[in-house]
Amino acid sequence: MASAGDDLTTSLQNSLSLDSTADPTTQLASGDNCQNSWGFPIDDLYKIALKFYKDKENKAIHLTYKDKVELVAYTKQVSYGKYRPDTSSDIGFLDVVGNDRKQAWQTLGEMSRESAMKNFVTKLDSVCLQFKPYVESHKIEEKERERVRKEEIERKQREDEEKKQLQDEENELLKREEALKQRQQQQETQIRAALNQQTAIQFKQYAQEQHPNNTEQQEVLKSQLQEQHFQQYMQQVYQQQLLHQQQQQQQLASMAAAASAAGNGQPSGTSASTENEANAVENVQDVQETTDQSKLFIYLFKESYILLTIA
């Protein structure tokens, strides 16, 4: 008489529909692809199925003893491969469940790991109606995670691009400021040289008068005169620039008023336009006039010389 274990093994063999030459993957339809059918690769799908089975067994789902033994056999095949007595733990003679699971595992023979995972999924799907909706919910969650992940990547890319653009703009601004500073320094150097050349004789003579027979004091006084003369000249230049800007603003305001009057039908006259254009021309004092300025500066400097020298 056949034992309960033999009956279970025969039932499992019938369930698998395997023989010594059969391809174990026939448990899934020919050409069936887990990614297309379920939305997950077989490894991920198996993990989802195994978690579902462990979480729901004897709670939301109630399987027969034979189905449980078959599912456990698949998990053994996935984890350890073919059953080997020399590497598997011994099972006691009275351990009925353990022996049934061992025989079911032995029945799987050389079944590949991938085939065992597919058969586990197929079996669970056939005996549990809740499994497919469970996978669908995971698919929706996975799509949402992927969407969030892509949005995060795109957001980070935008931030990096904006940061790079801001950094490039700051670098360009620094370059422009540095170039402007260098141009200003070059202009100041050229102005100093021109002023010093034009006032060299007058300042030297004055320094000799103040410190006869003392070359060192003469050079100190000459340098002080040149520096103050330069500062006075630059102050005049800045004042002229400010005046010029104010006159330009007045000219623009006059032109806007003339245009408004013309738009209202009031004759603006050609002479008024010509006069506005003439007012835009400014006569800026040339550096060649600094000879006369230096004479005036020496006179003013004599009055405050005591503040510039140290006894």
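Residues numbered from 1 in each chain as written. Predicted model: local features only at pLDDT ≥ 70, side-chain atom pairs only at ≥ 80, totals over all residues. Heavy atoms only, no water.

Teacher, can you tell me more about the overall build of the protein chain here?
Within the protein chain, the regular secondary structure consists of eleven helices and zero strands. Reading the protein chain from its N end, one meets helices and strands in the order α-α-α-α-α-α-α-α-α-α-α. Across the 311 residues of the protein chain, 28% fall into the buried class. Put simply, 76% of the contacts in the protein chain that link residues at least 6 apart link residues at least 24 apart. A total accessible area of about 21600 Å² is found for the protein chain, and carbon and sulfur atoms account for 50% of it. (Helix = DSSP H or I, 4+ residues; strand = E, 2+ residues; numbered from the N terminus. Buried < 20%, exposed > 50% of the residue type's maximum accessible area, 1.4 Å probe, protein only. Contact = heavy atoms within 4.5 Å. Areas by Shrake-Rupley, 256 points an atom, 1.4 Å probe, with all protein chains shown as cover.)

Help me out: how do you make sense of helix α8 (residues 215–263) in this one?
One turn of an α-helix holds 3.6 residues; hence residues three or four places apart share an orientation. Between its first and last C-alpha atoms α8 spans 71 Å; for 49 residues at 1.5 Å apiece the expected length is 72 Å, and the two agree. All buried positions along α8 are accounted for by Q218, L221, K222, L225, Q226, H229, F230, Y233, M234, V237, Q251 and A261. (Expected span 1.5 Å × (residues − 1).)

I keep staring at the packing of aromatic side chains and nothing clicks. Help me out?
Two numbers describe a pair of aromatic rings. These are the distance of the centres and the angle of the planes. Taken as a whole and judged by the stated rule, the model has seven aromatic pairs. Judged by centre distance (5.3 Å) and plane angle (75°), the ring pair of Y46 and F120 falls under edge-to-face. You can see Y46 sitting in helix α3 (residues 42–56) and its partner F120 sitting in helix α6 (residues 113–127), a full 74 residues away along the chain. Classification of Y46 as buried rests on a relative accessible area of 7%. Ring geometry for F52 versus Y134: centroids 4.8 Å apart, planes at 50°, classification tilted. Of the two residues, F52 sits in helix α3 while Y134 sits in helix α7 (residues 131–210), which places them 82 residues apart along the sequence. (Phe/Tyr/Trp six-rings, centres within 6.5 Å; stacked < 30°, edge-to-face > 60°.)

What exactly am I supposed to notice about the nonpolar core here?
Nonpolar side chains in soluble globular proteins tend to be buried together. Judged by nonpolar contacts, the single largest core of 30 residues is most densely connected at F120, L124 and F131. Sort the elements by how many residues they give to this core and α3 lands first, with eight residues. Not counting chain neighbours up to four residues away, the residues in contact with L124 comprise A49, F52, Y53, L71 and F131. (Core = buried A, V, L, I, M, F, W, Y, C linked by side-chain atoms within 4.5 Å.)

Explain the pattern of salt bridges here, please?
Pairing of side chains with opposite charge becomes possible as their charged atoms draw close. Applying the stated criterion across every chain yields a total of 17 salt bridges. Its salt-bridge partner being R147, residue E151 comes within 2.5 Å of it at the nearest N-O pair. Here R147 and E151 lie together in helix α7, a separation of four residues that amounts to about one turn. A relative accessible area of 37% means that R147 is categorised as partly exposed. (Salt bridge = Lys/Arg side-chain N within 4 Å of Asp/Glu carboxyl O.)

What's the story with the packing of α3 against helix α4 (residues 65–80) in this structure? I'm lost.
The geometry of a pair of packed helices is captured by two quantities: the angle between their axes and the separation between those axes. In contact at an axis separation of 13 Å, α3 and α4 are set at 140° when each is read in the N-to-C sense. By the angle between their directions, the pair α3 and α4 is classed as oblique. α3 and α4 meet at a crossing whose hand is left-handed. Within the contact between the two elements, α3 uses Y46, L50 and Y53 and α4 uses K68, L71, T75 and V78. Considered class by class, the residues forming the contact of α3 with α4 number five nonpolar, one polar and one charged. (Axes fitted to C-alpha atoms, helices over the stretch in contact; angles between N-to-C directions. Parallel < 35°, antiparallel > 145°, perpendicular 65-115°, else oblique. Left-handed = near helix turned anticlockwise from the far one by under 90°. Nonpolar A, V, L, I, M, F, W, Y, C, P; charged D, E, K, R; others polar.)

Please clarify how the packing of α4 against α6 should be interpreted in this entry.
Put simply, α4 and α6 touch, their axes get as near as 8 Å, and they point 155° apart. As judged from the angle between their axes, α4 and α6 are roughly antiparallel. As α4 runs across α6, the sense of the crossing is left-handed. Contact residues: α4 offers D67, E70, L71, Y74, T75, Q77 and V78, while α6 offers R113, A116, M117, N119, F120, K123, L124 and V127.

What's the story with the side chain of K222 in this structure? I'm lost.
As for its position among the elements, K222 is in helix α8. Of the side chains bearing the opposite charge, E219 lies closest to the buried K222, which forms no salt bridge; the N-O distance is 4.9 Å. When near neighbours in sequence (up to four residues on either side) are disregarded, K222 contacts A200, F203 and A207. (Lys, Arg positive; Asp, Glu negative; His and termini not counted.)

Mind showing me how you'd approach the confidence of the model for the protein chain here?
When pLDDT drops low, the exact placement of atoms in the prediction is not to be read closely. Model confidence for the protein chain is summarised by a mean pLDDT of 79, while 73% of its residues fall at 70 or above. Predicted confidence in the protein chain is weakest over helix α11 (residues 305–308), with a mean pLDDT of 40, and strongest over α6, with 94. Contacts from residues 17–31, a stretch scored under 50 in pLDDT, to residues over four places away or in other chains number 16 contacts. Counted against residues more than four places away or in other chains, residues 303–311, with its pLDDT under 50, gives seven contacts. (pLDDT = per-residue confidence, 0-100.)

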